[in-house]
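# Coordinate inspection notes
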Amino acid sequence: MTITLATHQGMCFGVRDALRKTHDTAASGPVTVLGELVHNPVVQQHLATLGVQRAHLEIVGSSETSRVIITAHGAADRQREAWRDAGYAVTDTTCPLVKKAHAALALLVAQGCQPIVIGHAGHVEVRGLCGDFPTAQVVQDEAEVDQLPFATRFGVVAQTTQPIAKVQTLVARLQQRHPEAGIIFKDTVCQPTKDRQAAMERLCQDNDLIVVIGGRNSNNTRQLGETALEAGVGVRQVETAADLQAAWFQGVNRVGVTAGTSTLDETVQAVVARLKQIDATQRASSPVGRLAPIIQQAAAAMF
């Protein structure tokens, strides 16, 4: 079984920076993360061993510690201010590319546009984007675009982990539905997401099955899996190597491996090692594998 690791996969710089800053903050005393620092259970378990607590961003005062951390997904400015006004010391680990999306949306609103966010309405990043702009509307498919009321000007941004092809399709749909409107689109899909999506597309061309590593509630991990399914390639999403099942790989010759942007390098390495172990076990138990020692003995006898 050939195992191919995607050229772009795994943890992005924004997540690494957030983890590093959280480690440094936790080293100097009790601290609470307002939500999930990143959507990965392995990371959450690791932070728990450091004594890092969790509270709700939306519930000001829910932290038992005087120091709190805004996650890599960001927050609305009003939420940061509310926590500071309540007397908490706030450490902000928002990804710079998420901050860029916030700035783009604020500029569009200042220009008099009806703000549109392409993404998942319930996702923490999207809630943060819309938090300071109550008129913002969130769409994630063509049906929702079709339901948007007319505006003379639309200003469109996207959740940073959305597939750029999907975003472009929805912007085109908006233009088709409202040809008389002015539409300004700011591409806020982050480069790490674009790189991982492009690498996934290449992976799908040469493999029979794709293993996607990442948290179950990670949007960018889920999007990687959906890209493979749209390409007609089978997908198995796992959070750790322990989730792999040998039966998935019976008769599979080529396996591609990728990982979401909040997946630790160690987790990826463990999954690849487990895949190699599964492959070795299956080869040893195959008819050819069982005959191998006999063939070797016969060859030795001949010489």
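Predicted model only: the values in this text are computed from it and were never measured.

Definitions and limits used
- Residues numbered from 1 in each chain as written.
- Predicted model: local features only at pLDDT ≥ 70, side-chain atom pairs only at ≥ 80, totals over all residues.
- Heavy atoms only, no water.
- Buried < 20%, exposed > 50% of the residue type's maximum accessible area, 1.4 Å probe, protein only.
- Helix = DSSP H or I, 4+ residues; strand = E, 2+ residues; numbered from the N terminus.
- Arc of directions from axis to C-beta.
- Contact = heavy atoms within 4.5 Å.
- Pairing = 2+ DSSP bridges.
- Axes fitted to C-alpha atoms, helices over the stretch in contact; angles between N-to-C directions.
- Polar contact = N/O pair within 3.5 Å; in protein donor to acceptor, adjacent residues only side chain to side chain.

### Quick look at helix H3 (residues 77-85)
Of the positions making up H3, those classed as buried are Gln-79, Arg-80 and Trp-83. Each buried residue of H3 lies within a common arc of 100° when the element is viewed along its axis, so the set occupies one face. Taken together, the buried residues of H3 touch strand S2 (32-34), strand S4 (67-70) and strand S5 (89-92). Positive backbone phi, approximately 100°, marks Gly-87, located one or two places after H3.

### What about the environment of Val-109?
Tracing the backbone shows Val-109 in helix H4 (residues 96-110). Note: C-alpha distance between Val-109 and Thr-7 (102 residues apart in sequence) is 38 Å.

### Description of the sheet that holds strand S10 (residues 209-213)
Reading across from one edge, S1-S12-S10-S11 is the order of the 4 strands in this open sheet, with parallel pairing throughout. Edge positions in the sheet fall to strand S1 (2-5) and strand S11 (234-238), since each of these pairs with one other strand and no more. Taking each pair of neighbouring strands and ignoring which way they run, the sheet shows an average axis angle of 25°. Here S10 runs beside S11; their pairing, made up of 5 bridges, is parallel. Bridge pairing in S11 places Leu-209 opposite Gly-234.

### Let's talk about the side chain of Gln-162
For Gln-162, the location among the structural elements is in the loop between strand S8 (153-158) and helix H7 (164-177). Judged by relative accessible area, which is 0%, Gln-162 ranks as buried. Within the structure, the side chain of Gln-162 is placed 3.2 Å from the side chain of Lys-166, a separation counted as a polar contact. Dropping the residues within four chain positions of it, Gln-162 is found in contact with Ile-118, Gly-119, His-120, Val-167, Val-189, Thr-193, Asn-219 and Gln-223.

### Observations regarding the side chain of Ser-63
Residue position: Ser-63 is located in the loop between strand S3 (53-55) and S4. Here the side chain of Ser-63 touches Thr-32 through a polar contact of 3.1 Å, side chain to side chain. Sequence-distant contacts of Ser-63, that is, excluding residues within four places in its chain, are made with Thr-32, Ala-55, Val-68, Trp-83 and Tyr-88.

### Side note on the sheet that holds S5
Backbone-to-backbone hydrogen bonds pair the strands of a sheet. The strands run either parallel or antiparallel. Reading across from one edge, S3-S2-S4-S5 is the order of the 4 strands in this open sheet, with parallel pairing throughout. Each edge of the open sheet is held by one strand with a lone partner, namely S3 and S5. When strand polarity is set aside, the average angle formed by the axes of neighbouring strands in this sheet is 30°. Pairing of S2 with S3 involves 3 bridges; the strand directions are parallel. Looking across to S3, one finds that Leu-34 is bridged to Ala-55. Against the sheet, H3 engages S2, S4 and S5, with an angle of about 150° to S5.

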